[in-house]
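Observations on the model geometry
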Amino acid sequence: MKYILILLLFTASAFAQPKPAFKVIPLGVYGGADESNLSCYMLAPTGSSNYICLDAGTVHAGIEKAIANHVFNVDVTTVLKKYIKGYCISHPHLDHVAGMIINSPEDTAKNVYGLPYTLNTLRDYYFTWKNWANFGSEGDKPVLNKYHYTPLIPGTETPLDNTEMTVTAFVLSHGNPYQSTAYLVKHNGSYMLYLGDTGADEVEKANNLQLLWQQVAPLIKAKTLKAIMIEVSFPNEQPEKSLFGHLTPHLLMNEMKALSTLTGTEAMKGFPIVITHIKPSGSHEADIKKQLAAANTLGIKLVYPHQGHLLEF
Ligand SMILES: [Zn+2]
Ligand SMILES: [Zn+2]
């Protein structure tokens, strides 16, 4: 009888834990300083090798790390050329695009997705013949046409070519008036939300995050949103005038509270929030982790990504 009970409990818990819908392989996790480890996250549905890169600050060094950790059992070239089907760039700051630009000569043809703000900056300031070579599909002649600029319309779902996923972009404010982007990626009724660099609504004098929370709150309640990836760049001690469109633990938790008023607090308990883009100078990383833990009255699940280590949601 005892064994049957244990078996029943075991079976019930197996059913209570649904299979992960997405895998995330961070190729870079920081927001500065270490050029071998800057914002870039490979994302694919479980069981697929058709990835999209969310930002592309570091590419090659991160793939090498992932191979060393046995996340991939193919070589760097195969991951770069065959597994990565496109790049979703949140904004054109160097810590989000440098890896893509440096690897462009070795890369295969693929789409680069972004808001016109981002793609126009890539076209006019990075993929030019003075700066590099024009691997883009527009701009400085001759156009090599390897990276096909694919502009997204905010709020409109768009297929991610050669993957099983779609994406919807939302505008973020990153040091008003500079823009950034949030990407809501969908596969088979499950979602992941990735935010590029962003300030808090109260600091940016904007409502971009509030509008985004209104979009995703129903998905959290329905348990179809699997995780949110969002930045915390500085510890709380950073003066507001020196935030440059970034979040601190205090500001993130304020935003999470705003989100929880839409979802109810119960839905936020144990919900995974992946903390990205820490600027790792001095004791910042340890300070940010301590401050987030201390302010986590909602009981969200704080996840710290590591370069080349698989995450599943
Ligand atoms: Zn950044
Ligand atoms: Zn930035």
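All values reported here derive from a predicted model rather than from experimental measurement. (Residues numbered from 1 in each chain as written. Chains lettered and ligands numbered in written order. Predicted model: local features only at pLDDT ≥ 70, side-chain atom pairs only at ≥ 80, totals over all residues. Heavy atoms only, no water.)

Okay, the overall build of the chain next. The helix and strand tally for the chain stands at 10 helices and 14 strands. For 313 residues, the compact-globule estimate of 2.2 N^0.38 gives 20 Å, and the C-alpha radius of gyration of the chain, at 20 Å, lies within 12% of that figure. When the backbone C-alpha atoms are referred to their principal axes, the chain occupies close to 75 × 45 × 40 Å. Within the chain, the fraction of its 313 residues that count as buried is 54%. Excluding contacts between residues fewer than 6 apart, the proportion of contacts in the chain whose partners are at least 24 apart in sequence is 63%. (Helix = DSSP H or I, 4+ residues; strand = E, 2+ residues; numbered from the N terminus. Rg over C-alpha atoms; globule rule 2.2 N^0.38 Å. Buried < 20%, exposed > 50% of the residue type's maximum accessible area, 1.4 Å probe, protein only. Contact = heavy atoms within 4.5 Å.)

Another aspect to go through is the coordination of the zinc ion (ligand 1). Bound to the zinc ion (ligand 1) are the protein donor atoms Asp-95 (OD), His-96 (NE2), Asp-197 (OD) and His-277 (NE2), situated 2.0 to 2.2 Å from the metal. Angles of 91 to 175° at the metal separate the 4 donor atoms of the zinc ion (ligand 1), which places the site in the irregular class. Donor residues binding the zinc ion (ligand 1) come from one chain and are separated in sequence as D-H-x100-D-x79-H. In this structure, the zinc ion (ligand 1) is positioned 3.3 Å from the zinc ion (ligand 2), and both are ligated by Asp-197. With a gap of 181 residues between them, His-96 in helix 4 (residues 94–103) and His-277 in the loop between strand 12 (272–276) and helix 10 (284–295) connect regions that are remote in the sequence. For the pair His-96 and His-277, one class covers both residues: buried. (Donors = N, O, S within 2.8 Å, 3.2 Å for Na, K, Ca; no water. Tetrahedral: all angles 85-135°; square planar, octahedral: opposite > 155°, others 65-115°.)

As a further point, take the side chain of Lys-146. Following the sequence through the fold, Lys-146 ends up in the loop between helix 5 (116–126) and strand 6 (147–151). No salt bridge is formed by the buried Lys-146; its nearest oppositely charged neighbour, Asp-107, is found at 6.5 Å. At a separation of 2.8 Å, a polar atom in the side chain of Lys-146 contacts the main-chain carbonyl oxygen of Ser-104. Among the polar contacts made by the side chain of Lys-146, one reaches the main-chain carbonyl oxygen of Pro-105 at a distance of 3.1 Å. (Lys, Arg positive; Asp, Glu negative; His and termini not counted. Salt bridge = Lys/Arg side-chain N within 4 Å of Asp/Glu carboxyl O. Polar contact = N/O pair within 3.5 Å; in protein donor to acceptor, adjacent residues only side chain to side chain.)

It is worth spelling out the pattern of salt bridges at this point. Per the stated rule, a full pass over the model turns up 6 salt bridges. Between Lys-186 and Glu-157 there is a salt bridge, with the nearest N and O atoms lying 3.9 Å from each other. Residue Lys-186 is found in strand 9 (residues 179–187), and its partner Glu-157 is found in the loop between strand 6 and strand 7 (158–159); the two are separated by 29 residues along the sequence. For Glu-157, a relative accessible area of 44% translates into the label partly exposed.

A separate point is the coordination of the zinc ion (ligand 2). Within the protein, the zinc ion (ligand 2) binds to His-91 (NE2), His-93 (ND1), His-174 (NE2) and Asp-197 (OD); these donor distances fall in the range 2.2 to 2.4 Å. With 4 donor atoms in place around the zinc ion (ligand 2) and angles of 87 to 168° between them, the coordination shape is irregular. The exposure class assigned to His-174 is buried, which follows from its relative accessible area of 3%.

What follows covers the sheet that holds strand 7. Ordered by their spatial adjacency, 7 strands build an open sheet running 7-8-9-10-11-12-13, and the pairing between neighbours is mixed. Among the strands making up the open sheet, the edge pair consists of strand 7 and strand 13 (301–303). Of the pairings in the sheet, the one linking strand 9 to strand 10 (residues 190–195) comprises 6 bridges and is antiparallel in character. Bridge pairing in strand 10 places Leu-184 opposite Leu-193. (Pairing = 2+ DSSP bridges.)

Counting through the fold element by element, Thr-150 comes out in strand 6. If sequence neighbours within four positions are ignored, Thr-150 has contacts with Asn-111, Val-112, Tyr-113, Gly-114 and Leu-119.

Another aspect to go through is the packing of helix 8 (residues 249–263) against helix 10. It is the contact of helix 8 with helix 10, at a shortest axis distance of 9 Å, that shows an interaxial angle of 35°. Helix-helix and strand crossings are classified by hand; for helix 8 and helix 10 the assignment is right-handed. Every residue of helix 10 that contacts helix 8 at Pro-249, Leu-252 and Met-253 is listed here: Ile-288, Gln-291, Leu-292 and Ala-295. Of the residues in the contact of helix 8 with helix 10, the class split is 6 nonpolar, 1 polar and no charged. (Axes fitted to C-alpha atoms, helices over the stretch in contact; angles between N-to-C directions. Left-handed = near helix turned anticlockwise from the far one by under 90°. Nonpolar A, V, L, I, M, F, W, Y, C, P; charged D, E, K, R; others polar.)

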